[in-house]
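Observations on the model geometry
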Amino acid sequence: MKSKLILSLAVGLIIIGLYGIAGSLSRSETIVPIIEAQAQETYVKKLKTWWLKNDVDSGGIVKRSDIEIRYLPEAEANQNGVDTEMTINFTSGAVYGQKLPQSTLLFSDMLVSPQDQGYIDLVLAPDRVPYVLRVPAEAVVGGAISNGMYVDVVALTLPQSRMTIEVGAAAARTARMIGVNPVLLHIKILKVVEQVLTGTRALETMPVNVDIVLELTRKQVAKLTVAKRIAEIEVHKSIGDYTAGDLKADAGDVLPDFKSVTEMRANDVVIK
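Residues numbered from 1 in each chain as written. Predicted model: local features only at pLDDT ≥ 70, side-chain atom pairs only at ≥ 80, totals over all residues. Heavy atoms only, no water.

**Describing the nonpolar core**
Grouped together as the largest cluster of nonpolar side chains are 24 residues, with contacts concentrated most on Ile212, Leu214, Leu216 and Leu224. Going through the elements one at a time, β5 (129-136), β7 (150-157), β8 (179-195), β9 (209-216), α5 (218-230) and β10 (232-237) are the ones with two or more residues in this core. When sequence neighbours within four positions are dropped, the list of residues in contact with isoleucine 212 reads Tyr131, Val132, Leu133, Val135, Val140, Ile145, Ile189, Lys191 and Val235. Core analysis: the next-biggest nonpolar cluster, separate from the first, contains 19 residues, Leu47, Ile88, Ala94 and Leu111 among them. (Core = buried A, V, L, I, M, F, W, Y, C linked by side-chain atoms within 4.5 Å. Buried < 20%, exposed > 50% of the residue type's maximum accessible area, 1.4 Å probe, protein only. Helix = DSSP H or I, 4+ residues; strand = E, 2+ residues; numbered from the N terminus. Contact = heavy atoms within 4.5 Å.)

Here it is in structure tokens:
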């Protein structure tokens, strides 16, 4: 009798256990879809956007410090005209194409790069004109130059014919004609374009020219136009505070003997 009672109790416990396991499995199957649905509802696709932190002026240089990145929900981004993640190429020398207030959503077409049409008009100061000066690459002294830098323009004066063989006083007079004189000081560069000329053969290359767009007044344009006709022009990178005299030199500064003139008088020789 006791054995039957123990056996019945064991079978009952087994049935209760199996029922409990079946109930937990059914509950877990119900919870998993709920968790997945909640996860799908929680995830919202966001898009990268660019916003101005400060007011900017038309023609102002684009700086990363003016801009912040915000990630907007896709629906909100769409309402602001953004349908894909935005990217902005911070080209060297790029400027703002218009005056923009703080907290403006920035698009790439609001920025103007140096190679874009209309760039010169944006960066040109009032009462100034752009002047294109083409010089050989070796005529640019002081290293590489780029937009926004300042340069000095100097004129190298040479005799009209450097092939003439002269001696005595004639040679001294010719030597005194050689000199360097400043034409324009501390002039802003608006744009720089390198012109590379290559020959028909792969290994044949021609010297590189540089087109420099300078920001000048009308008077400076006239002065530089004359200088180009009477002298060779060089462009020196401005490197600090100095006077025009620091950029001036002649043959006497290199070879002092060129300052002397030999004058023949009858049987006497006079050195002046």
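There's plenty left to go through after this.
**Some thoughts on the pairing of β9**
Within β9, 7 of the 8 residues are buried, which leaves it mostly tucked inside the rest of the structure. Sheet analysis places β5 next to β9, joined by 8 bridges and oriented antiparallel. By the bridge assignment, tyrosine 131 is partnered in β9 with leucine 214. (Pairing = 2+ DSSP bridges.)

**Observations regarding the environment of glutamine 102**
With respect to the helices and strands, glutamine 102 occurs in the loop between β3 (95-96) and β4 (111-112). Its relative accessible area of 48% is what places glutamine 102 among the partly exposed residues. It is 5.3 Å that separates the C-alpha atoms of glutamine 102 and leucine 52, two residues lying 50 residues apart in sequence. Other than its neighbours up to four places away in sequence, glutamine 102 contacts Leu52, Lys53, Asn54 and Asp55. Of note is the side chain of glutamine 102, whose polar atom sits 3.1 Å from the backbone oxygen of lysine 53. (Polar contact = N/O pair within 3.5 Å; in protein donor to acceptor, adjacent residues only side chain to side chain.)

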